[in-house]
Amino acid sequence: MAILLDNHAADRPDQPALIDERGETTWAELKTRVTKLSRAFADRGIGSGDTIAVMMGNRRELFEILLAAAHTGFTVVPVNWHWVADELAYVIEDSGARALLVGERFADIGTAALADPRAAGIEFSAVAGAGAFDDYEDLLASGADDPLEEQLLGGPMFYTSGTTGRPKGVVLTQSNFGHQAETLPPLFTMGPKERFLSILPPWHSFERTVEYAALSSGAGIAYTDRRRLRED
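Counting restarts for each chain, with residues numbered from 1 along the sequence as it is written. The predicted nature of this model means local features are confined to residues of pLDDT at least 70 and side-chain atom pairs, given and counted, to a pLDDT of 80 or more, with totals for whole chains, interfaces and linings taken over all residues. The side-chain numbers reported here are obtained from all heavy atoms of the structure, hydrogens and water having been left aside.

This part covers the nonpolar core. Soluble globular proteins: nonpolar side chains tend toward being buried together. Side-chain atoms within 4.5 Å are what join buried Ala, Val, Leu, Ile, Met, Phe, Trp, Tyr and Cys residues into a set we call a nonpolar core. When a residue's accessible area, from a 1.4 Å probe over protein chains only, is under 20% of the maximum for its type it is buried; when over 50% it is exposed; and in between it is partly exposed. Counting residues in hydrophobic clusters, the biggest one holds 40 residues, and the most contacted among them are L30, F41, I52, F63, I65 and L101. Helix numbering and strand numbering both begin at the N terminus, where a helix is a DSSP run of H or I of at least 4 residues and a strand a DSSP run of E of at least 2. Sort the elements by how many residues they give to this core and helix α3 (residues 60-72) lands first, with seven residues. Leaving out residues up to four positions away in the same chain, F63 has contacts with L18, E211, Y212, L215, I221 and Y223. With 24 residues, the next largest nonpolar core counts V79, A89, A97 and V102 among its residues. Throughout, a contact is declared for two residues whenever any of their heavy atoms are within 4.5 Å.

On to the confidence of the model for the protein chain, then. The pLDDT averaged across the protein chain works out to 83; a share of 81% of its residues lies at or above 70. Known as pLDDT, the predictor's confidence for each residue is given on a scale from 0 to 100. Mean pLDDT across the elements of the protein chain bottoms out in helix α9 (residues 226-231) (49) and peaks in strand β3 (residues 51-55) (95).

Across the sheet, five strands lie side by side as β4-β3-β5-β6-β7; this open sheet has parallel pairing. Edge strands, defined here as strands with exactly one partner in the open sheet, are β4 (75-78) and β7 (134-135). Two strands pair when backbone bridges link them, and strand β6 (residues 124-128) and β7 are joined in this way by two bridges, in the parallel orientation. Note that in β7 the partner of A126 across the bridge is D134. In this description, strands pair whenever DSSP reports at least two bridges between them.

What a helix is expected to span follows from its residue count: subtract one and scale by 1.5 Å. With 13 residues, α3 should reach 18 Å at 1.5 Å per residue; the first-to-last C-alpha distance of 18 Å fits that figure. Counting buried residues along α3, 13 of its 13 residues qualify, which places the element largely inside the surrounding structure.

The following block contains the structure:
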């Protein structure tokens, strides 16, 4: 993904890459933000073989984190936003997550989960938007502007619905996503002039796969947070 970001940032720097209800991020901005975020995670010792948990709606920061994982080599667990603190604490322990990032609407759940002994492995946390945790923008700003010397491929781990007991983590490798990102764009006729509307929840593996395909082809992603729309 690092190479793909470089190419698109050079070819269409001012074209929107990510869009949500809060604003938009151009390709040039996305490259800069992912570079800094990758550095910020690396500076905190998060790298290949490590895991972080993320509980957010469909928003630009979520995909920045996924791209940072593709740069830095760590695994991202997108947590179901319907889950309560007990379930979040279980996933934190089960996945061995070392960091927790949440959207502001889930700050209370995150705070309660961090108070659970099962979350003892969390070394730092941040919130995207106003909240009680450390601020996501401060985390990003702490990273250097120069890319990591070695680009490692990290990917997501999705948890099952838990119909036969506690949910179970299923890892999809970055190479798996890379292969699908190369093969899917022709099927969806996606290209630099197109926009992909993302409406499925963040923990849905197909949605993440098609998003990678969209970005690899130069198409922008427009996020609609269905839960946010229902609440508003």
